[in-house]
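Chain by chain, the residues:
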Amino acid sequence: MLGAGRTDAGVHALGMVAHLDTTTPLHDEKLRLAINAHLPDDVSVLEVRTRAPDFQSQFDCTYRRYLYRLRVVRGDPRGAVLNRDRVLPVHDVLDVDLMRRASEALVGRHDFSAFATQETRTTEREVYLCDLRPERGELRLHIAADGFLRNMVRAIVGTLLWVGTGRLSPTDVADIVRSGDRSRAGPNAPPYGLYFVEAGYEPWDRAASDRRVADLVV
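To keep things clear, this report deals only with the structure shown in the data block. It should be emphasised that the depicted structure is a prediction, and the values quoted were computed from it without experimental measurement. (Residues numbered from 1 in each chain as written. Predicted model: local features only at pLDDT ≥ 70, side-chain atom pairs only at ≥ 80, totals over all residues. Heavy atoms only, no water.)

**Quick notes on the overall build of the protein**
From N to C terminus, the protein includes five helices and nine strands. Along its sequence from the N terminus, the protein presents helices and strands in the succession β-β-β-α-β-β-α-β-β-β-α-α-β-α. Here the protein has a C-alpha radius of gyration of 18 Å; the compact-globule value for 218 residues is 17 Å, and the two agree. Looking at the protein residue by residue over its 218 residues, the buried ones come to 42%. (Helix = DSSP H or I, 4+ residues; strand = E, 2+ residues; numbered from the N terminus. Rg over C-alpha atoms; globule rule 2.2 N^0.38 Å. Buried < 20%, exposed > 50% of the residue type's maximum accessible area, 1.4 Å probe, protein only.)

Structural data, given as C-alpha cells:
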C-alpha cells in the first residue's frame, strides 16, 4: 500500500489517499468494511474505489492540502485541555490582519528553502492557497500546493505567529522567501495542530476543494 503523502509523527490525516493492488472478489464497499474490521481504532477507511491498474496515489496526485488549527486561549481556556493534542493553544494576542497579509507573500511559485528542514529535494513549489481563517472558534490556516517540503507548513505557521505577535512584519515574510535562509523564518509549530485534508487528482480548483474539505474538517 502506498499513500499520497507523508506526515511527521504527531500529524493527523483526515483525507489521506492510498492505493493497493488486490485480487479480491469483494466489491468496493464490502472491501472497505473488511479492511476496517482489521484496522486499529485510530485509523478508518472512509471510501474504497476501484481505479485503473496504473493508478498511483502518490505520483498521480496534482496537489495536496493541509490544515493547521490554532486557538487563542488567552482569557478563555475552555476546551484547551480536551484539545491539547489536536489544536495549538496560543497565549498571545495576535494581529490576524497582519498574519493574513503576510500569508499572501507565500502564494505562487517560489523557492521555499527558508521554510524547509533537512530537505534534499528541489525546493521550488507552487502554493495555490494560503488562507488564514477565523473558523469554528479557532484560527485556521488552509494551505494547498503542488507539493510540500519537509516541515514546510509547520515553519510557515511558526513564521506567521511571529508576525501576529509583532516580531516580523508582512514585508519581512516576503524578504524571507526571497532570502532562502531558514534561520530568518520562525520555528516549526508543533505537529499536533497539523492535518492532511486532501490529495487532489485534478487541476487545482479552490471552490471544488473547499466543498470536499468541508465534509472532512472537524
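**Describing the packing of aromatic side chains**
As enumerated under the stated definition, the model contains six aromatic pairs in all. On the numbers, 5.3 Å between centres and 55° between planes, the contact of Phe55 with Tyr201 is tilted. Of this pair, Phe55 sits in the loop between helix H1 (28–36) and strand E4 (63–72) while Tyr201 sits in the loop between strand E9 (194–200) and helix H5 (206–214), placing them 146 residues apart in sequence. When the ring of Tyr63 is compared with that of Trp204, the centres are 5.0 Å apart and the planes differ by 85°; the resulting orientation is edge-to-face. (Phe/Tyr/Trp six-rings, centres within 6.5 Å; stacked < 30°, edge-to-face > 60°.)

**Structural notes on the side chain of Glu138**
If you trace the backbone, Glu138 turns up in strand E8 (residues 138–145). Among the polar contacts made by the side chain of Glu138, one reaches the side chain of Arg69 at a distance of 2.7 Å. Once residues within four sequence positions are removed from consideration, Glu138 is found in contact with Arg69, Leu70, Arg71, Val87 and Arg133. (Polar contact = N/O pair within 3.5 Å; in protein donor to acceptor, adjacent residues only side chain to side chain. Contact = heavy atoms within 4.5 Å.)

**Focus: helix H4 (residues 170–179)**
What sets the pattern is the α-helix's 3.6 residues per turn: residues three or four places apart point alike. Among the residues of H4, Pro170, Val173, Ala174, Ile176 and Val177 are the ones counted as buried. Looking straight down H4, one finds its buried side chains confined to an arc of 160°; they lie on one side. Exposed and oriented more than 90 degrees from the buried face of H4 are Thr171 and Arg178. At the exit of H4 stands Gly180, carrying a positive phi of roughly 70°. (Arc of directions from axis to C-beta.)

**Some words on unusual backbone geometry**
Within the chain, Gln118 stands out as a residue other than glycine whose phi angle is a positive 50°. Among the secondary structure elements, Gln118 is positioned in the loop between strand E6 (108–111) and strand E7 (124–135). According to the relative accessible area criterion, Gln118 is exposed, its value standing at 71%. Positive phi, close to 65°, is recorded for Asn151, a residue that is not glycine. Counting through the fold element by element, Asn151 comes out in the loop between E8 and helix H3 (152–164).

**Re the pattern of salt bridges**
The final tally for this structure, using the stated rule, is 18 salt bridges. Where Glu124 meets Arg109, a salt bridge forms, and the shortest distance between an N and an O atom there is 3.5 Å. Remark: Arg109 occurs in strand E6 and Glu124 occurs in strand E7; sequence separation between them is 15 residues. Residues Arg133 and Asp131 are paired through a salt bridge, measuring 2.8 Å at the closest nitrogen-oxygen approach. Asp131 gets classed as buried once you look at its relative accessible area, which sits at 12%. Each of Arg65, Arg69, Arg100, Asp131, Arg133, Glu135, Glu138, Arg140, Arg206 and Asp210 takes part in one network of salt bridges that share partners. (Salt bridge = Lys/Arg side-chain N within 4 Å of Asp/Glu carboxyl O.)

**A look at the packing of helix H2 (residues 96–103) against H3**
It is the contact of H2 with H3, at a shortest axis distance of 8 Å, that shows an interaxial angle of 135°. It follows from the interaxial angle that H2 and H3 lie oblique. With respect to the hand of their crossing, H2 and H3 are arranged in right-handed fashion. Along the contact surface, H2 presents Leu98, Met99, Ala102 and Ser103, while H3 presents Leu160, Leu161, Val163 and Gly164. Classifying every residue of the contact of H2 with H3 by side-chain character gives six nonpolar, two polar and no charged. (Axes fitted to C-alpha atoms, helices over the stretch in contact; angles between N-to-C directions. Parallel < 35°, antiparallel > 145°, perpendicular 65-115°, else oblique. Left-handed = near helix turned anticlockwise from the far one by under 90°. Nonpolar A, V, L, I, M, F, W, Y, C, P; charged D, E, K, R; others polar.)

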